[in-house]
Structure formats: structure tokens, C-alpha cells
Amino acid sequence: MEKYLTPTYYIDSDHPKVLEFAGRNCNPVETDMQKAVSLYYAVRDGIRYNPYSIVPPKKSMKASSVLNKGYGFCVAKAVLLAACARSMKIPARLGFADVKNHLNTERLKKLMGTDVFMYHGYTELFLNNIWVKATPAFNLELCNNFSVKPLEFDGTKDSIFHVFDKKGNRHMEYVKEYGSFADLPWDTIIATLMQNYPRYFKELEIRSTDFSAEALTENQ
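Residues numbered from 1 in each chain as written. Predicted model: local features only at pLDDT ≥ 70, side-chain atom pairs only at ≥ 80, totals over all residues. Heavy atoms only, no water.

So, the overall build of the chain
Here comes step 1: Looking only at helices and strands, the chain features 9 helices and 6 strands.
Here comes step 2: When the backbone C-alpha atoms are referred to their principal axes, the chain occupies close to 45 × 35 × 30 Å.
Here comes step 3: Expressed as a percentage of contacts within the chain between residues at least 6 apart in sequence, the contacts between residues at least 24 apart total 70%.
Here comes step 4: Of the roughly 9,900 Å² of accessible surface on the chain, a fraction of 52% belongs to carbon and sulfur atoms.
Here comes step 5: Looking at charge distribution, the chain has the averaged site of its 28 positive side-chain charges lying 2 Å from that of its 25 negative ones. (Helix = DSSP H or I, 4+ residues; strand = E, 2+ residues; numbered from the N terminus. Contact = heavy atoms within 4.5 Å. Areas by Shrake-Rupley, 256 points an atom, 1.4 Å probe, with all protein chains shown as cover. Lys, Arg positive; Asp, Glu negative; His and termini not counted. Charge placed at Lys NZ, Arg CZ, Asp CG, Glu CD.)

Written out as C-alpha cells, the structure is:
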């Protein structure tokens, strides 16, 4: 388990800001499971989901950098949750999958040219001798704007995206799994994203900065 507890360049669980955030959002007398649940909700709702925030520089993907910004896309938020867990001595690793996202905005879909998100990220936590998946991507406000049930996590079972939204429409489906990783394979991920979503990266300067407001406008 040592590699799932050790700080890395990206999962900088020994960074003072990560330690402070994790310590502030869970009680030291709690069990590991209780701490993991508290950290999940702190990252889910305390860090806004923004799929327009993907940029190539490696430093943008450090857990401490995500904290400084206060927002990030799914992979960034998964990295932060992993770092918070490791800072609390809870083994954590990263998982990735290609997903078909049926809850997309027209603007983002045009930039990406598809509704398939490659290398969607989530966190895996070792609790009560099993690995459980936790997906802290969509914050509560964004879920409400999309009319999607917020994804809950109780520490006992996998928490991945709901198949259907509140209206019974298909929400998200996993189409390809990449497995689990002790650290973030950023070079591979960003190369894949840049190759498959060229327009997204060509229009870096004109992206929206408030995906939640965009979702609310399109779903009114």
C-alpha cells in the first residue's frame, strides 16, 4: 500500500494547503471511512466542476493548484480527493474511463466535437479492506442546474455517475476502462485529449468560465 500513501508531484498530499483543507474538512477522531466520506463531499461541493479548465501545463494538475483555483474538471478533482485521502493516511489511487455524457451543453459539445469524454477521472479509496470508487466531479449547484441527482458516497460501495437524470433521461455510460494508477499519467492523458479534441485546445482563450451558469441557461 506504500505507493498509494506516498506524495507525488501531482498528488502532493504533503503540501500545507492540502493538509489544511483535509484537516479542516474531517475530524481526527473519525474512522477512515468517515473521513473519506467527509473529504468526498468537501471536494465535490467545495471545488466547482469546470470542464473548460483543461490546460496542458503539468503544474495545473497538482492537487494544491486545484485548491488554489477552487475549480477543476473531473481528473483534477479526483487528484485532489486522492491527495486529501493520502494526507489522512487513507490509501488512494486514480481510475480513468471513457464515458458517453448525455448531459452536455451545446457549446462544450461543439468545442469537443463529440459527447464522449476520454479519460474521465475518479478516485479509488481503500476502506475496510476493499477498494471503492468515488467520483467527486459534479458539485451540488451544477447538478441542480442540470436536473441531475447529486452523486452520493457512503464509503462502502462504488459511487460512479447515475445512469439516469431526475427526468429519467440517460445521463452517463462508461464505454472504456483504463484501470487504476498510483499517480496521474498526465502526459498520456493530455496528449490523448489534444489529439481527439483539437478545436477545444485551439479556442483556449474564448472558453466559458462558468459551466454551471451555462448549464442553467440551456436547461431552463
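Details of the pairing of strand β5 (residues 130-134)
Here comes step 1: Note: strand β4 (residues 116-127) against β5, 5 bridges, orientation antiparallel. What sits directly across from leucine 127, in β5, is isoleucine 130.
Here comes step 2: Hairpin connection from β4 to β5: 2 residues lie between these consecutive antiparallel strands, with asparagine 128 at a positive phi of about 50°. (Pairing = 2+ DSSP bridges.)

Some words on the packing of aromatic side chains
Here comes step 1: In total, this model carries 12 aromatic pairs according to the counting rule given.
Here comes step 2: With a centroid separation of 5.2 Å and an interplanar angle of 45°, the aromatic rings of tyrosine 40 and phenylalanine 153 are classed as tilted. Within this pair, whereas tyrosine 40 is found in helix α2 (residues 32-46), its partner phenylalanine 153 is found in the loop between α6 (140-146) and β6 (172-181), the two being separated by 113 residues in sequence. Summarising the burial analysis for this pair, tyrosine 40 and phenylalanine 153 share the class buried.
Here comes step 3: The residue whose ring lies beneath arginine 93 is tyrosine 4, and the NZ or CZ to ring-centre distance is 5.6 Å. (Phe/Tyr/Trp six-rings, centres within 6.5 Å; stacked < 30°, edge-to-face > 60°. Buried < 20%, exposed > 50% of the residue type's maximum accessible area, 1.4 Å probe, protein only. Lys NZ or Arg CZ within 6 Å of the ring centre and 35° of its normal.)

Focus: the packing of α2 against helix α4 (residues 74-87)
Here comes step 1: Two elements in contact, α2 and α4, have axes separated by 10 Å at closest approach and are oriented at 150°. Judged on the interaxial angle alone, α4 and α2 are roughly antiparallel. Handedness of the α2/α4 crossing: right-handed. Side by side, α2 and α4 meet where Leu39, Tyr40, Val43 and Arg44 of the first sit next to Lys77, Leu80, Leu81, Cys84 and Ala85 of the second.
Here comes step 2: Classifying every residue of the contact of α2 with α4 gives 7 nonpolar, no polar and 2 charged. (Axes fitted to C-alpha atoms, helices over the stretch in contact; angles between N-to-C directions. Parallel < 35°, antiparallel > 145°, perpendicular 65-115°, else oblique. Left-handed = near helix turned anticlockwise from the far one by under 90°. Nonpolar A, V, L, I, M, F, W, Y, C, P; charged D, E, K, R; others polar.)

Brief notes about the nonpolar core
Here comes step 1: The biggest cluster of nonpolar side chains holds 69 residues, and the ones touching the most others in it are Tyr49, Phe73, Leu125, Leu184, Trp186 and Tyr200.
Here comes step 2: The biggest single contributor to this core is α4, with 11 residues.
Here comes step 3: Filtering out sequence-adjacent residues up to four positions away, tyrosine 49 remains in contact with Gly72, Phe73, Cys74, Lys77, Phe117, Ala137, Phe138, Asn139, Leu142 and Phe211. (Core = buried A, V, L, I, M, F, W, Y, C linked by side-chain atoms within 4.5 Å.)

Here's the deal with α2
Here comes step 1: Along its 15 residues, α2 runs 20 Å from first to last C-alpha, staying within 8% of the 21 Å computed at 1.5 Å per residue.
Here comes step 2: For α2, the full list of buried residues reads Met33, Lys35, Ala36, Val37, Leu39, Tyr40, Ala42, Val43 and Arg44.
Here comes step 3: Considering only its buried residues, α2 is in contact with α1 (16-25), α4, β4, β5 and α6. (Expected span 1.5 Å × (residues − 1).)

What about the environment of valine 132?
Here comes step 1: Mapped onto the fold, valine 132 is located in strand β5.
Here comes step 2: For the pair formed by valine 132 and aspartate 154, sequence separation is 22 residues and the distance between their alpha carbons is 9.8 Å.
Here comes step 3: Setting aside residues no more than four positions away along its own chain, valine 132 makes contact with Thr123, Glu124, Leu125, Leu127, Phe153, Gly155, Thr156, Lys157 and Asp158.

Notes on the packing of α1 against α4
Here comes step 1: One can describe the packing of α1 onto α4 by two numbers: an axis separation of 9 Å at closest approach and a directional angle of 75°. When the axis of α1 is compared with that of α4, the two are roughly perpendicular. Residues Val18, Leu19, Phe21 and Ala22 of α1 lie in contact with α4, whose contacting residues are Ala83, Cys84 and Ser87.
Here comes step 2: Of the residues in the contact of α1 with α4, the class split is 6 nonpolar, 1 polar and no charged.

Structural notes on helix α7 (residues 186-196)
Each full turn of the α-helix corresponds to 3.6 residues, which orients residues three or four apart in the same direction.
Here comes step 1: Among the residues of α7, Trp186, Ile189, Ile190, Thr192 and Leu193 are the ones counted as buried. For α7, the arc enclosing every buried residue in end-on projection is 160°, short of the 170-degree limit, so these residues lie on one face.
Here comes step 2: Contacts made by the buried residues of α7 are with β3 (92-101), β4 and α8 (198-202). (Arc of directions from axis to C-beta.)

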